[in-house]
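Structural characterization, general
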Amino acid sequence: MQYYDDEQNKAGAKVLFMIVQMVVLTMVYIIIYTSFVAVGYAIEEYSLSSVMYFPVFVALVIFPILLYKYRQMFNAGRMMGAFIWTMATASLIIVLLYIYVAQIVG
């Protein structure tokens, strides 16, 4: 008969959360890459300044920092909050990048 072990469950939850964060990071970086490409096309097409890359670069730098903070939150015991913040931040960055690209080409 197997006994219930809190430490084993916490370790498993940490591994699952790290896997979820890696998948979310991959998805967001795919969107960031396509945003870089779209901004590059917009710069060529509309003769814009290369400063137009700045919001996409900010998303590229800020998102991993936020994921690190959310991992600290998860390790501190606020597991559900860390998961919700991870998904909400990823969604917000994706939506804001799409709006930004739509604004500069539209």
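The text that follows walks through the structure, step by step, so that each part is easy to find. The residue numbers shown here count from 1 along each chain, following its written sequence. It should be noted that, the model being predicted, local features are given only for residues of pLDDT at least 70 and side-chain atom pairs only at 80 or more, the latter also being counted only at that level, while totals for whole chains, interfaces and linings use all residues. Heavy atoms from the whole structure form the basis of all side-chain values; hydrogens and water molecules are not counted.

Considerations on the overall build of the protein chain
By definition, any uninterrupted DSSP run of H or I lasting at least four residues is a helix, any uninterrupted run of E lasting at least two residues is a strand, and each is numbered from the N terminus. The helix and strand tally for the protein chain stands at 3 helices and 0 strands. Counted from the first residue to the last, the protein chain has its helices and strands arranged as α-α-α. Each radius of gyration is computed over the set of C-alpha atoms, and the globule rule expresses the reference value as 2.2 Å times the number of residues to the power 0.38. The C-alpha radius of gyration of the protein chain comes to 18 Å, more than 25% above the 13 Å expected for a compact globule of 106 residues. For the C-alpha atoms alone, the extent of the protein chain along its principal axes is close to 70 × 20 × 15 Å. Sequence separation of 24 or more characterises 71% of the internal contacts of the protein chain that already satisfy a separation of 6 or more. All accessible-area figures derive from a Shrake-Rupley calculation using a 1.4 Å probe, and residue coverage is judged against the displayed protein chains alone. For the protein chain, the accessible surface area stands at approximately 7400 Å², while carbon and sulfur atoms represent 70% of it. Think of it this way: Lys and Arg go in the positive column, Asp and Glu in the negative one, and His and the chain ends go nowhere. Here the site of a charge means NZ on Lys, CZ on Arg, CG on Asp, or CD on Glu. Each charge class in the protein chain can be summarised by its mean position, and for the 5 positive and 5 negative side chains these summaries are 13 Å apart. In this analysis, two residues are considered to be in contact whenever any of their non-hydrogen atoms come within 4.5 Å of each other.

Let's talk about the packing of aromatic side chains
Stacked, edge-to-face and tilted labels apply to pairs of Phe, Tyr and Trp rings (six-membered ring for Trp) whose centres lie within 6.5 Å, assigned for plane angles under 30 degrees, over 60, and everything in between, in that order. Tallied over the full model, the rule gives 3 aromatic pairs. Geometrically, the ring pair formed by phenylalanine 17 and phenylalanine 74 is stacked, given 4.2 Å between the ring centres and 0 degrees between the ring planes. Of this pair, phenylalanine 17 sits in helix H1 (residues 6-46) while phenylalanine 74 sits in helix H2 (residues 54-75), and the two are 57 residues apart along the sequence. For phenylalanine 74, a relative accessible area of 8% gives the class buried. The buried label goes to any residue with under 20% of its type's maximum accessible area, the exposed label to any with over 50%, and the partly exposed label to all in between, with areas taken from a 1.4 Å probe on protein chains only.

Re the environment of phenylalanine 54
Within the secondary structure layout, phenylalanine 54 lies in helix H2. Taking the C-alpha atoms as reference points, phenylalanine 54 and phenylalanine 36, 18 residues apart in sequence, are found 9.8 Å from one another.

As for the environment of alanine 38
Following the sequence through the fold, alanine 38 ends up in helix H1. The exposure class assigned to alanine 38 is partly exposed, which follows from its relative accessible area of 22%. Spatially, the C-alpha atom of alanine 38 lies 9.5 Å from that of alanine 102, the residues being 64 residues apart in sequence.

Re a nonpolar patch on the surface
Each patch groups residues whose relative accessible area exceeds 30% and which form no salt bridge, using 9 Å between like charges and 5 Å between nonpolar side chains of Val, Leu, Ile, Met, Phe, Trp and Tyr. Every case where a carboxyl oxygen of Asp or Glu lies within 4 Å of a side-chain nitrogen of Lys or Arg is listed as a salt bridge. The grouping of Val15, Leu16, Met18, Ile19, Met22, Val23 and Met27 at the surface amounts to a nonpolar patch, some 640 Å² of accessible area in total. Mapped onto the fold, valine 23 is located in helix H1.

Observations concerning unusual backbone geometry
Unlike most non-glycine residues, serine 47 shows phi in positive territory, near 55 degrees. Using a relative accessible area of 66% as the deciding quantity, one classes serine 47 as exposed.

Side note on the packing of H2 against helix H3 (residues 79-105)
Think of two packed helices as two axes; the pair is described by the angle between the axes and how far apart they sit. Inter-axis angles, ranging from 0 to 180 degrees, are taken between N-to-C directions of lines fitted to C-alpha atoms, where helices are fitted over the stretch in contact. Two elements in contact, H2 and H3, have axes separated by 9 Å at closest approach and are oriented at 175 degrees. With respect to each other, H2 and H3 are oriented roughly antiparallel. For the pair formed by H2 and H3, the contact residues are Pro55, Val56, Ala59, Phe63, Leu66, Leu67, Tyr70, Met73 and Phe74 on the first element and Met79, Gly81, Ala82, Trp85, Thr86, Thr89, Ala90, Ile93, Leu97 and Tyr100 on the second. Of the residues assigned to the contact of H2 with H3, the class counts are 16 nonpolar, 3 polar and no charged. Angle categories are assigned with fixed cut-offs, so that under 35 degrees is roughly parallel, over 145 is roughly antiparallel, 65 to 115 is roughly perpendicular, and the rest are oblique. Side-chain classes are defined by residue name, with Ala, Val, Leu, Ile, Met, Phe, Trp, Tyr, Cys and Pro counting as nonpolar, Asp, Glu, Lys and Arg as charged, and the others, Gly among them, as polar.

Some remarks on H2
Each residue after the first adds 1.5 Å to the expected span of a helix. Taking 1.5 Å as the rise per residue, H2 with 22 residues should run 32 Å; its terminal C-alpha atoms sit 32 Å apart, in good agreement. Buried within H2 we find Val56, Ala59, Phe63, Leu67, Tyr70, Met73 and Phe74. Looking one or two residues beyond H2, the residue adopting positive phi is glycine 77, at roughly 110 degrees.

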